[in-house]
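Remarks on the overall topology
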Amino acid sequence: MKKRYALLILGILLIGITVFLIINKPETSEEETIERTKLEEQEDNSEIKEDETEDDTSPSENQSTEEPAEEPVAQLQELFSEVVRTTIDFFTNRESHVTALGDSLTQGVGDNVTEGGYVSILDNTINRNNQLVTFDNHGKRGHRSDQLLKRLEEDKVAQSVENADIVLITIGANDIMQVVKENFTDLKVNDFTDAKETYEQNLRQVFDRINHLNEDTSIYLVGIYNPFMNYFPDIRELEMIVQDWNSISQRVTEDYDNGTFVPVADLFSTGDKKLFADDNFHPSHRGYQLFARRVLEYLTDQ
C-alpha cells in the first residue's frame, strides 16, 4: 500500500511538471497549427474508415493512402452517423437553449481543434445546417462543486439557467484533486470520506438552485473518468474513488425528476492515449468527440 501511494505522489509530480511544460511551451505559428490540425484530422479519418472495414486487406504500395483533410463538422457527421440524424430530428421545430456549467471538461481544456470541447462539438453538430439550439458555455477550469454553487449566484449564469431548456454539468474531478493536494505527503483512501459527503451536499444544492431558477429545465450531470489511468493503471484505489464519485452523482440525479446521469468512464477505460490530450489528463479532440456523442445519445433518448 505504501508503495502504491509513493507511486501516486510521484505520478502527481509528473503530472504537475507535464502540465507546466505544456502551459509554458512556445506558441506555434499559425501555419504550424493549421498543418498539425490537418494531420490530426487525416489520422482520425483514417482510423474511422479502418474501423468500418471488415477485411484486413491493405492498400498496395503504389496506391496513395493520403486523403484531403475533411472539415471538422463533416468528420463529426461521419463519426456520429445515426446519432446526428436522430439529434437533428429531435431538435427540429423546437427552439432550445442549452446552458453548460462546470469545470475544465465543459470549458474544453485539452481540445486543440475545437475551442469549447464537447459543448462546441454539440453546437457544431446540431446547428450544422440550421440554427436549432443556442448554447451558453460557463465552464471554468479547476472549479469544484462548491465553486459551481457560488457561480450560480452570478447574474449572467443565473439568467442563462433561467432561459435554459437543458442544463449540462461536468463537476467532481477537482473535488478529488483537492483531497490529493491537501494530503499530498500521506494520502489514504479514508481521506476521501469527508470529501464525498461534502460533494454530495454541494451537488444537491446545485440541483436545488437550478430548479429554483428554472423548474422546467432538464438537468444532465455528466460523470467523471479516472484521470490517473495512464499513470497508475494498477492502483485499484483510484478507480474505486472515481466509482464512488459517479455513484454519488447518479444517486443525486435519481432523486430529481428532471435529473439524468450520463456515464462516460467506460469511454476512457481502455487508457487509449489518443483519447487524451498532451497532459494525459484531459480529453483530446477525439476524446471529446466520444464525450459529445454519449451526451447526444442521452439528450435524444426520450
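Please refer to the structure placed before this passage.
Residues numbered from 1 in each chain as written. Predicted model: local features only at pLDDT ≥ 70, side-chain atom pairs only at ≥ 80, totals over all residues. Heavy atoms only, no water.

What to know about the side chain of Thr217
With respect to the helices and strands, Thr217 occurs in the loop between α10 (193–213) and β4 (218–222). Since its relative accessible area comes to 1%, Thr217 is described here as buried. Only 3.1 Å separates the side chain of Thr217 from the backbone oxygen of Ala164, close enough to count as a polar contact. A distance of 3.3 Å separates a polar atom in the side chain of Thr217 from the backbone oxygen of Asp165. In this view, Thr217 contacts Ala164, Asp165, Ile166, Val167, Ile210 and Asn258; residues no more than four positions away in its chain are not counted. (Helix = DSSP H or I, 4+ residues; strand = E, 2+ residues; numbered from the N terminus. Buried < 20%, exposed > 50% of the residue type's maximum accessible area, 1.4 Å probe, protein only. Polar contact = N/O pair within 3.5 Å; in protein donor to acceptor, adjacent residues only side chain to side chain. Contact = heavy atoms within 4.5 Å.)

Here we look at the sheet that holds strand β2 (residues 133–139)
Taking strand neighbours across the sheet as the criterion, the five strands line up as β2-β1-β3-β4-β5 in an open arrangement whose pairing is parallel. Edge strands, defined here as strands with exactly one partner in the open sheet, are β2 and β5 (259–262). For this sheet the average axis-to-axis angle between neighbouring strands, irrespective of direction, equals 20°. Judged from the five bridges that link them, strand β3 (residues 166–170) and β4 form a sheet pairing that is parallel. Counterpart to Leu168 in the pairing with β4 is Tyr220. Lying on the sheet, helix α8 (residues 155–162) is in contact with β1 (96–102), β2 and β3; it crosses β1 at an angle near 135°. (Pairing = 2+ DSSP bridges. Axes fitted to C-alpha atoms, helices over the stretch in contact; angles between N-to-C directions.)

With respect to unusual backbone geometry
What you tend to see is this: most non-glycine residues have negative phi, and most peptide bonds are trans. The phi dihedral of Asn280 is positive, around 55°, even though this residue is not glycine. Along the polypeptide, Asn280 turns up in the loop between β5 and α12 (285–299).

Brief notes about the packing of aromatic side chains
The geometry of an aromatic ring pair is captured by the separation of the ring centres together with the interplanar angle, meaning the angle of the planes. Evaluated as defined, the whole model comprises eight aromatic pairs. Taken together, the aromatic side chains of Tyr118, Tyr288 and Phe291 make up a single cluster linked through ring pairs. (Phe/Tyr/Trp six-rings, centres within 6.5 Å; stacked < 30°, edge-to-face > 60°.)

Notes on the pattern of salt bridges
Pairing is possible between side chains of opposite charge, provided their charged atoms come close. Applying the stated rule across the entire model yields 10 salt bridges. Put simply, Arg293 and Glu297 hold a salt bridge, and the shortest N to O gap is 3.8 Å. Residue Arg293 and its partner Glu297 are located together in helix α12, separated by four residues, close to a single helical turn. Residue Arg293 is classed as partly exposed on the basis of its relative accessible area, which comes to 28%. On the basis of relative accessible area, Glu297 is assigned to the partly exposed category, the value being 33%. Each of Glu200, Arg204, Arg251 and Asp255 takes part in one network of salt bridges that share partners. (Salt bridge = Lys/Arg side-chain N within 4 Å of Asp/Glu carboxyl O.)

Remarks on the packing of α8 against α10
The packing of two helices is summarised by the inter-axis angle and the distance between the axes. Closest axis-to-axis distance for the α8/α10 pair is 8 Å, and the angle between their directions is 70°. By the criterion of interaxial angle, the relationship of α8 to α10 is roughly perpendicular. Where α8 crosses over α10, the two elements pack in a sense that is right-handed. Of α10, the residues touching α8 (which contributes Ala158, Val161 and Glu162) are Arg209, Ile210 and Leu213. (Parallel < 35°, antiparallel > 145°, perpendicular 65-115°, else oblique. Left-handed = near helix turned anticlockwise from the far one by under 90°.)

Section: the nonpolar core
Among the nonpolar cores identified, the biggest contains 32 residues, and Leu101, Ile169, Phe192, Ile210 and Trp245 are the most heavily contacted of them. Secondary structure elements with two or more residues in this core: α7 (145–151), α8, β3, α9 (173–182), α10, β4 and α11 (236–254). Ranked by residue count, the leading element in this core is α10, at seven residues. Those residues in contact with Leu101, other than ones at most four positions away along the chain, are Thr106, His138, Leu148, Leu152, Val157, Val161, Val167, Leu168, Ile169, Thr170 and Ile210. Leu122, Val133, Val262 and Phe291 belong to the second-largest nonpolar core, a separate cluster that totals 29 residues. (Core = buried A, V, L, I, M, F, W, Y, C linked by side-chain atoms within 4.5 Å.)

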